[in-house]
Amino acid sequence: MSEDLQLLQPLTVGGQQIKNRVCLAPMTRARCTPTEDPLDPANATPNDLMAEYYEQRASGGLLITEATAISEMGSGWLHAPHIRTAGQVAAWKTVADRVHARGSVIYLQLWHLGRQTHSSFHPSTGTIAAPSAIKMGGAQTKTLTKEHVEPETPTEMTIEEIEATIADYATAAKLAAEAGFDGVEVHSANGYLLDTFLQSSTNTRTDAYGGSPENRVRMLKEVIEAIVASGAFPANRIAVRLSPNGAFGDMGSDDNDTMFPYVAEQLNAYNLAYLHVMDGLGFGYHQKCKAVTCADIRKVYDGLLMANVGLTRDTAEGMIRSGAVDLAAFGRIYMSNPDLVERFANDWPVEEGAPYETWWDETAEKGYTDWPAYQPKEETGEKAEEAEEKKDGEDEE
């Protein structure tokens, strides 16, 4: 019965009680308002449509925002939001306030695209950055003017650039706190900057940030420590996202099945809000080693675990009941079912995921905020009379 679902039970995350374990997965939707100058900060500022989108889905216990660029060098997706200016902070505060008004908790996801961006987004440097000068293969990238081009070869980051980037994460976290977010999720997945530091296929450095597993996880740990030291959030309001199985961004390494459990074990020391593990294979599987599951991570990680990718109500419930995870993040079906929690609770039908062309194209409200909440049909005739008689009988007992 739906009333017995563990998925719908409250849980304490980062010292806050969330009303259920249904989480909105972070998903790039690129709905910031287009401007004539694509480098205009307004082009990367949340708008009222975005506030409505998050508010619609705030029956979930925890919402994670779409990936949000922390710096010029970390940016590279047109119409995706940033957290860099006073105007962006104020706009994000509107989002956070509207979610809080519905009794939900919201974390901002901090994003640096690393080698997946294009230098046209970075007029200050004209370069892109990564742990090593290894170009992303098997894909194209987009320029500031929406041209599809071959990926560029990134510049290997210097120690000074690594330190400056760590400081950018801390600054962005402080701005997130100013905007009223309850915490931040550090995006260390899907082939973006921090993921490329973790993986041996993209990190061939020979200094303190490359080589051994201990060195490859160093930058992620220093980002967490810098956010805590900045006073933005305590460690229990910081989360981390990992994708040990993903192929997105030309990723995958033959030692991921040992590296990622090691990373999780290292993160135990911080008492994080949660560890978000994309263990599902529906976002592409690199097949370079055996898949890493949340059950594998549970063996070495003591804190709260969040599962993601391709979950249904029942698979999520099974994972929670088994003890493999504590939280479940839903993406594609949360796009098309803003009232996903209510549908789960009432055994109402769940719409299929939103069509691909509406994920991040410039379709404004289409496929974004125009998904209706479910309207149960009113019972009529004999069925309504039977229901009323049953209710009267229950009232008399």
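This text goes with the structure placed above it.
Structure report, in brief. (Residues numbered from 1 in each chain as written. Predicted model: local features only at pLDDT ≥ 70, side-chain atom pairs only at ≥ 80, totals over all residues. Heavy atoms only, no water.)

1. A short note on the environment of Phe121
This is how it is decided: Elements are defined by DSSP. Helices are runs of H or I of four residues or more, strands are runs of E of two residues or more, and each kind is numbered from the N terminus. By definition, residues are in contact when any of their heavy atoms lie within 4.5 Å.
Note on placement: Phe121 falls in the loop between strand S5 (105-111) and strand S6 (129-130). Put simply, Phe121 and Glu365 are 244 residues apart on the chain and 26 Å apart in space, counted from C-alpha to C-alpha. Apart from the residues within four sequence positions on either side, Phe121 is in contact with Leu39, Glu72, Ser75, Gly76, Trp77, Leu78, Lys142, Thr143 and Leu144.

2. So, helix H1 (residues 48-56)
As a reminder, the rule being used: Note on exposure labels: buried denotes an accessible area under 20% of the residue type's maximum, exposed denotes more than 50%, and partly exposed covers the range between, all computed with a 1.4 Å probe on protein chains only. Side-chain atoms alone can form a polar contact between residues adjacent in sequence; in general such a contact is a pair of N or O atoms within 3.5 Å, and within protein one must be able to donate a hydrogen while the other accepts it.
For H1, the complete set of buried residues consists of Leu49, Met50, Ala51, Tyr53 and Tyr54. Packed against the buried residues of H1 are strand S3 (22-24), strand S4 (62-69) and helix H2 (86-101). Looking at where H1 begins, the residue whose side-chain oxygen comes 3.2 Å from the main-chain nitrogen of Leu49 is Asn47.

3. What to know about the sheet that holds S5
What counts is decided by this rule: By the convention used here, strands pair only if DSSP detects at least 2 bridges between them. Note on geometry: axes are lines fitted to C-alpha atoms, helical ones only across the stretch in contact, with angles between N-to-C directions running from 0 to 180 degrees.
The parallel closed barrel is built from eight strands, whose spatial order is S3-S4-S5-S10-S11-S12-S13-S14. On average, each strand axis in the sheet is inclined to that of its neighbour by 25 degrees, with strand direction left out of account. Looking at chain direction, strand S13 (residues 305-308) and strand S14 (residues 327-330) are connected through three bridges and run parallel. For Met306, the partnering residue across the bridge sits in S14 and is Leu327.

4. Examining a negative patch on the surface
Our working definition: Each patch groups residues whose relative accessible area exceeds 30% and which form no salt bridge, using 9 Å between like charges and 5 Å between nonpolar side chains of Val, Leu, Ile, Met, Phe, Trp and Tyr. The accessible surface values rely on the Shrake-Rupley method and a 1.4 Å probe; as for residues, cover is taken only from the protein chains in view. Criterion for a salt bridge: a side-chain nitrogen of Lys or Arg within 4 Å of a carboxyl oxygen of Asp or Glu. All tallies of charge rest on Lys and Arg as positive and Asp and Glu as negative; His and the ends of each chain are not included. A charged residue contributes its charge at one atom only: NZ of Lys, CZ of Arg, CG of Asp or CD of Glu.
On the surface, Asp48, Glu52, Glu365 and Asp370 cluster together into a patch of negative charge. Within the secondary structure layout, Glu52 lies in helix H1. For Glu52, a relative accessible area of 31% puts it in the partly exposed group.

5. Regarding the pattern of salt bridges
In this structure the tally under the stated criterion is ten salt bridges. Put simply, Asp326 and Arg298 hold a salt bridge, and the shortest N to O gap is 2.8 Å. Taken together, the positions of Asp326 in the loop between helix H9 (313-322) and S14 and Arg298 in helix H8 (residues 294-298) put the pair 28 residues apart, joining distant regions of the chain. Taking the relative accessible area as the measure of exposure, Arg298 reaches 22% and is therefore partly exposed.

6. Topic: the environment of Thr315
Tracing the sequence through the fold places Thr315 in helix H9. The exposure class assigned to Thr315 is partly exposed, which follows from its relative accessible area of 39%.

7. Looking at the pairing of strand S11 (residues 238-242)
So the rule is basically this: With the strands pointing away from the viewer, any crossover whose connection runs clockwise from the first strand over the helix to the second is right-handed.
With respect to burial, S11 is a largely interior element, five of its five residues being buried. Going residue by residue along S11, you find Ile238, Val240 and Leu242 tucked away on one face and Ala239 and Arg241 tucked away on the opposite face as well. Two strands pair when backbone bridges link them, and strand S10 (residues 183-188) and S11 are joined in this way by five bridges, in the parallel orientation. Bridge assignment links Glu185 to a residue of S11, and that residue is Ala239. Two elements, S11 and strand S12 (residues 275-277), share three bridges in a ladder whose sense is parallel. In the sheet register, Leu242 faces S12, and the bridge partner there is Val277. Each parallel crossover has a hand, and for S11 linked through helix H7 (residues 256-267) to S12 it is right-handed.

8. Quick look at the pairing of S5
Counting buried positions along S5 yields seven of seven residues, so the element is predominantly enclosed. Burial along S5 is two-sided: Val105, Tyr107, Gln109 and Trp111 and Ile106, Leu108 and Leu110, pointing in opposite directions, are all buried. Relative to S5, S4 runs parallel, the two sharing six bridges. Bridge pairing in S5 places Ile64 opposite Tyr107. Each parallel crossover has a hand, and the one from S4 via H2 to S5 is right-handed. Relative to S10, S5 runs parallel, the two being bridged by four bridges. Looking at S10, one finds that Leu110 is bridged to Val186.

Geometric descriptors of this kind do not, in isolation, establish any biological role.
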